[in-house]
Number of protein chains: 4
Amino acid sequence: MTFDTIGIITKRSDPKALKATEDLTTWLQRRGHTVTVTEEVGRAANVTDRTVTRPQEEIAHGQDLMIVIGGDGTFIAAARIIDAHSTPLLGINRGRLGFLTEIPTDTMFADLEDVLAGRYRIEDRMMLSVSVVRDGNVIYRRRALNDAVVHIGALARMLEFVVAIDDQFVFRSRADGLIVATPTGSTAYALSAGGPIMHPALDAILLVPVCPHTLTNRPIAVPGDGCVEINVMPQDVSQLLTLDGQQGCSLQEEDRILIRRSVHSLKVLHSPNKNHYDVLRRKLSWGEIPENDIPPLGQPIRK
Amino acid sequence: MTFDTIGIITKRSDPKALKATEDLTTWLQRRGHTVTVTEEVGRAANVTDRTVTRPQEEIAHGQDLMIVIGGDGTFIAAARIIDAHSTPLLGINRGRLGFLTEIPTDTMFADLEDVLAGRYRIEDRMMLSVSVVRDGNVIYRRRALNDAVVHIGALARMLEFVVAIDDQFVFRSRADGLIVATPTGSTAYALSAGGPIMHPALDAILLVPVCPHTLTNRPIAVPGDGCVEINVMPQDVSQLLTLDGQQGCSLQEEDRILIRRSVHSLKVLHSPNKNHYDVLRRKLSWGEIPENDIPPLGQPIRK
Amino acid sequence: MTFDTIGIITKRSDPKALKATEDLTTWLQRRGHTVTVTEEVGRAANVTDRTVTRPQEEIAHGQDLMIVIGGDGTFIAAARIIDAHSTPLLGINRGRLGFLTEIPTDTMFADLEDVLAGRYRIEDRMMLSVSVVRDGNVIYRRRALNDAVVHIGALARMLEFVVAIDDQFVFRSRADGLIVATPTGSTAYALSAGGPIMHPALDAILLVPVCPHTLTNRPIAVPGDGCVEINVMPQDVSQLLTLDGQQGCSLQEEDRILIRRSVHSLKVLHSPNKNHYDVLRRKLSWGEIPENDIPPLGQPIRK
Amino acid sequence: MTFDTIGIITKRSDPKALKATEDLTTWLQRRGHTVTVTEEVGRAANVTDRTVTRPQEEIAHGQDLMIVIGGDGTFIAAARIIDAHSTPLLGINRGRLGFLTEIPTDTMFADLEDVLAGRYRIEDRMMLSVSVVRDGNVIYRRRALNDAVVHIGALARMLEFVVAIDDQFVFRSRADGLIVATPTGSTAYALSAGGPIMHPALDAILLVPVCPHTLTNRPIAVPGDGCVEINVMPQDVSQLLTLDGQQGCSLQEEDRILIRRSVHSLKVLHSPNKNHYDVLRRKLSWGEIPENDIPPLGQPIRK
């Protein structure tokens, strides 16, 4: 695969990301690549004269590669825009290391050199297809890369809900909320709520209750081809569905929320110099092993 | 202490609680006690002719004992009404066992027999005094028996806050919320969020972050005489303070939330037949020890 | 599939299991099945005259179905004996419900009626193949249905170890131990150590550190075709590898522990009346939803 | 208080600690302090000519201050030696920051300057008095600064035990072990096992089950004046009691383990430049707040 046409999606509010966009555009053009951006990014990054501009919804059409410059949030939003086009995404972080934007701007030229020379690996990341059915009609349908969260929009109330998987009743529970996550999302909100880390290659959907009332409710991982259905109990306060922490839908009594693996996965392009465990180890600071601390009397000690 | 005058606070929406109120009123009067209720409860329980009625705010004035008939929620709401009057509270649960309403209606006459004969123990439960200071003025001040929770009122956003104790900076964090609980509250919302169980006699304040972004943030118990101050970072969405899951206050940028032990504790009267560990064990189903399951080959096994 | 020849493995130390074995043998023979047991079980259950007897190692040879009567421990031990023979296993619990022995003796005739009439489903359960390599030689190799645990055999010491997956370094850590579990094992020891529940159909291996020194070490699920390698750091105390809590191997300095999916999975036969979520819900007591507890003042409450 | 006579306890196996001992001895003598060490440390640190030497058991007699140079393990072992003498302890860490050895060798002269000039605070740290009663006789009694742990010494077995507090039955459980910790110990092994952080000034004893079989068993904090009794169920494998991860006692069937606050607390001397929350924050890396990561489309995001 050669990457003749390359689109760039940039976090427009971030001067560092815009500067990286400008530098990268220049660097790519010298190598003969056509670069496409949105008009807004083109102006903000001063690259209008050197780029093709397109509306955001169409930016991925016909591109061989999409580069996202920003943080993981930018990358996740981009995934929603382009997921149906099967263009691979590569993430560049303008600041610190991200789970999805693993190339820092500092080394972006060296890393891209590798990638454009064909040294990369492509990973398929599962996305969720999330629908809300009301009175028999689908009133909302979107994709999510990280997670779908059902929660209550109000002061100090518990959500009460029923979960079924492939039409089998799983549990009824009360909790602050319920997170349904992809393996990619397992290191996002689900991790804060006590969920496990799932390798992105796993074909699994992760359910993590948030502050469950029943203390034996634990995170549960189910097969990726399962259909998760959530029904919320009637309440006098608003109940919400949120995708990737970015998009939402207000729920009504008797709504059915259906969550399953999207038929479209996201193609994520990785530099050969990074592996998933390196990123995990650095993001979660697993590296530090405190020195041993042996007491003077020769006994074994624990800390 | 003799309990000549007894007030009853009842969960009015609950027919079982009203029936228990009627029965108890009759039983107490036969024994020469004066019973006081609110007018609404008097009518709903058909005891107006046999009782003194008072507005709810004044119901505890001059009473030797207050009996709460309902669930833990009824008890907690009652605690806020009467805490300043130093009248002891006794809780009767019209259904299942509560942490605070530990006498079931089934055995209420037998248990009260003991109590009225002087066989009881009185326990002081710490309450929190919670204030919000805005522009140098205290704009909100209430007591809480269980907890004060700072959280965000909106879709999928994290609270960002700073905690100081006795003017010492403790941590800055991002999380779904922060629970500040009494030992009594340790078995309520704080437990769902991963907090420890604190014996009610402890003089301690418990801080439990809800879904903290920093994975090493853990529940922390600090001395009961400490002053906890929380400052929330500016956000474009509403941030809320909620007391006991029942009362709330909207927060604004630069508000300071101050939480400390109330000078008034709540006197809770217990039947001598109950101890705290019995209640814990039953509420949390600690009793069940599955049988040992030894494999046929004689090796030790784990499960 | 017709089940002409049926072997029974019984927890010999359990009188109830022996009685069930006797009853079941009689019942099966009346229906024309040939029943095989070990000599010891034959004598203990008084069925020698009606059965074929075989040494335990060979009991599954040529059987169409193996029935295990005991608890989950009995079932797990049986899995180790017969796993290579591809005979399906069905578990009968002589007492309480098990994760693997889901048919109680109370309903065993009705449930078997279904199964023998062809109404069953067969599930493949992943097993682990666990090897210890010392000086380049494999000195130990066994299968495990639940888990392989590396831990320290001594007083209050921490294990220090390095984990690699597919030759990629994952982390170095200090902990009480490390559990490597199948999805089946996720509800055993791994659950006590804070791991998630994994549906048995998932093709995944679960790593759960026990009391890790690094607080951000979390359970991690990796693809089922991965090869997990553990190296333990030299210590002056013994370090152990334990399979299913039943079999062990003493480790020495520089031993390499290799854990991967076994080429043989275990065929588990289920009654059509049970699904996995029902078993989970009952074993973990998810069923109980405490009544709502609304306070008298009309405010929303949390508990 | 003036500190005329100062004893030094050093981690003898650590060259950095010995070098710091030598430097500190010289520095203290120039200021007119008498320095006492053990003979072994005197020789190893080349300070025999400038110091008084004493056997380790007597080293604290008559000293105004004890300085511990090593890590937290050295400090804890020292606490057991000198606790009865009411000499305050000050900890110097020869490498990284410790919970108890909070002064690094880098700044030790500046920090000691403050301390010797009277700028310090003294904190009382609760210690546990731990006894084992066998056939009515106390066969073992020791103090612990961090924790007493009851666990099983063998391969993959669960401890089964009963806990009573002040003669009230609390629970019966199966687990890998049970940790009974002081507030000081709450940041040691108990933290790895999922316990909360307890401020050292709290008068509380913390019980943390290790990998409990019952998922609703949670850490529990009880009043510091309570007497915790643990009875272990008979097993065919050894059961152990370990104090501070350093001292142990083998348990036998029907042994009673009694744990209560020691009448002697440990006086810990702190530099005025350190507070407990600073140490926590640094040891647990609470400081890092990742930058906000706002997606380009203006929606709120969670991570």
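Residues numbered from 1 in each chain as written. Chains lettered and ligands numbered in written order. Predicted model: local features only at pLDDT ≥ 70, side-chain atom pairs only at ≥ 80, totals over all residues. Heavy atoms only, no water.

**Concerning the overall build of chain A**
So, step 1. A tally of helices and strands in chain A yields six helices and 21 strands.
So, step 2. Each principal axis of the C-alpha distribution contributes one length, and for chain A these read about 75 × 60 × 35 Å.
So, step 3. Counting every atom, chain A has about 10600 Å² of accessible surface; 45% of that belongs to carbon and sulfur.
So, step 4. For chain A, the distance from the average position of its 33 positive side-chain charges to the average position of its 37 negative side-chain charges is 3 Å. (Helix = DSSP H or I, 4+ residues; strand = E, 2+ residues; numbered from the N terminus. Areas by Shrake-Rupley, 256 points an atom, 1.4 Å probe, with all protein chains shown as cover. Lys, Arg positive; Asp, Glu negative; His and termini not counted. Charge placed at Lys NZ, Arg CZ, Asp CG, Glu CD.)

**Regarding the packing of aromatic side chains**
So, step 1. This model, assessed by the stated rule, comprises 16 aromatic pairs over all chains.
So, step 2. Note on W286(A) and F171(C): the rings are 5.2 Å apart at their centroids and 70° apart in plane angle, and the pair reads as edge-to-face. Placement of W286(A) in the segment after α6 (276-283) and of F171(C) in strand β12 (residues 168-175) is noted, with the two residues assigned to different chains. Taken individually, W286(A) and F171(C) each receive the classification buried, so the pair is uniform in this respect.
So, step 3. Ring centres 6.2 Å apart and planes at 70° place the aromatic pair F161(C) and F171(C) in the edge-to-face group. Remark: F171(C) occurs in strand β12 and F161(C) occurs in strand β11 (residues 159-165); sequence separation between them is 10 residues. One exposure class covers both F161(C) and F171(C), and it is buried.
So, step 4. In textbook terms, an aromatic cluster arises when at least three aromatic residues are bridged by ring pairs, as seen for F161(A), F171(A) and W286(C). (Phe/Tyr/Trp six-rings, centres within 6.5 Å; stacked < 30°, edge-to-face > 60°. Buried < 20%, exposed > 50% of the residue type's maximum accessible area, 1.4 Å probe, protein only.)

**Observations regarding the relation of the copies chain B and chain A**
So, step 1. Between chain B and chain A, the superposition needs a rotation of 180° and an axial shift of 0.0 Å, giving an RMSD of 0.0 Å. Taken together, the rotation and translation describe the operation of a two-fold axis. If distances are taken from each C-alpha of chain B to the rotation axis, the shortest is found for G153(B), at 3.2 Å.
So, step 2. Comparing interface residues between copies, 100% of those in chain B also lie at the interface in chain A; the contact surface is shared. (Least-squares fit on C-alpha atoms with pLDDT ≥ 70 in both. Contact = heavy atoms within 4.5 Å.)

**Examining the environment of H270(A)**
Residue and element names in this part refer to chain A.
So, step 1. With respect to the element layout, H270 can be found in strand β21 (residues 266-270).
So, step 2. H270 sits in the buried class, given a relative accessible area of 4%.
So, step 3. In the structure, H270 is positioned 97 residues away from S173 in sequence and 40 Å away in space, judged by C-alpha atoms.
So, step 4. In this view, H270 contacts E102, Y120, R121, E123 and R125; residues no more than four positions away in its chain are not counted.

**Structural notes on the nonpolar core**
So, step 1. In this structure, I179(A), I179(B), I179(C) and I179(D) are the most contacted members of the largest nonpolar core, which totals 54 residues.
So, step 2. Look past the residues within four positions of I179(D) in its chain and what remains in contact with it is D147(D), A148(D), V149(D), Y189(D), A190(D), A193(D), L206(D), L207(D), V208(D) and V210(D). (Core = buried A, V, L, I, M, F, W, Y, C linked by side-chain atoms within 4.5 Å.)

**Some thoughts on the environment of Q247(C)**
All names here are of chain C.
So, step 1. Locating Q247 in the fold gives a position in strand β19 (residues 247-251).
So, step 2. Considered as a pair, Q247 and A144 are 103 residues apart in the sequence and their alpha carbons are 9.2 Å apart.
So, step 3. Reaching out from Q247, the side chain makes a polar contact with the side chain of R142 at a distance of 2.6 Å. (Polar contact = N/O pair within 3.5 Å; in protein donor to acceptor, adjacent residues only side chain to side chain.)

**Describing the interface of chain B and chain A**
So, step 1. Counting residues at the interface gives 20 residues for chain B, matched by 20 residues for chain A.
So, step 2. For the pair chain B and chain A, the summed buried surface comes to about 1400 Å²; carbon and sulfur atoms form 69% of the total.
So, step 3. For the pair chain B and chain A, the number of links is zero salt bridges.
So, step 4. Between the two partners, chain B and chain A, sit four residue pairs in polar contact (both at pLDDT 80 or more).
So, step 5. Of all the secondary-structure elements, those providing two or more residues to the side of chain B that touches chain A are α5 (189-192) and β18 (239-243) of chain B.
So, step 6. If you tally residues by element for the side of chain B that touches chain A, the top one is α5(B), at three residues.
So, step 7. Counted by class, the side of chain B that touches chain A contains 12 nonpolar, seven polar and one charged residues. (Buried area = accessible area lost by both parts, 1.4 Å probe. Salt bridge = Lys/Arg side-chain N within 4 Å of Asp/Glu carboxyl O. Nonpolar A, V, L, I, M, F, W, Y, C, P; charged D, E, K, R; others polar.)

**Regarding the pairing of strand β5 (residues 89-93) of chain C**
Residue and element names in this part refer to chain C.
So, step 1. Buried residues dominate β5, accounting for five of its five residues.
So, step 2. With burial as the criterion, each face of β5 is covered, one bearing L89, G91 and N93 and the other bearing L90 and I92.
So, step 3. The pairing of strand β4 (residues 65-70) with β5 spans five bridges and is classified as parallel. Note on β5: the bridge partner recorded for I67 is L90. (Pairing = 2+ DSSP bridges.)

**Notes on the side chain of S192(A)**
So, step 1. With respect to the secondary-structure elements, S192(A) resides in helix α5 (residues 189-192).
So, step 2. A relative accessible area of 12% means that S192(A) is categorised as buried.

**Section: the domain arrangement of chain A**
All names here are of chain A.
So, step 1. Entries for chain A in the domain assignment read domain 1 (5-119 + 273-293) and domain 2 (128-261).
So, step 2. Taken together, the contacts link 15 residues of domain 1 with 12 residues of domain 2.
So, step 3. In total, about 1100 Å² of surface goes out of reach between domain 1 and domain 2, with carbon and sulfur atoms giving 65% of it.
So, step 4. Our count for the contact surface shared by domain 1 and domain 2 stands at two residue pairs in polar contact (both at pLDDT 80 or more).
So, step 5. When residues of the side of domain 1 that touches domain 2 are traced back to their parent elements, those giving at least two are α3 (72-82) and α6.
So, step 6. Of all the elements, α3 adds the most residues to the side of domain 1 that touches domain 2, at six residues.
So, step 7. Taken together, the residues of the side of domain 1 that touches domain 2 sort by class into 11 nonpolar, two polar and two charged. (Domains from an automatic or database assignment.)

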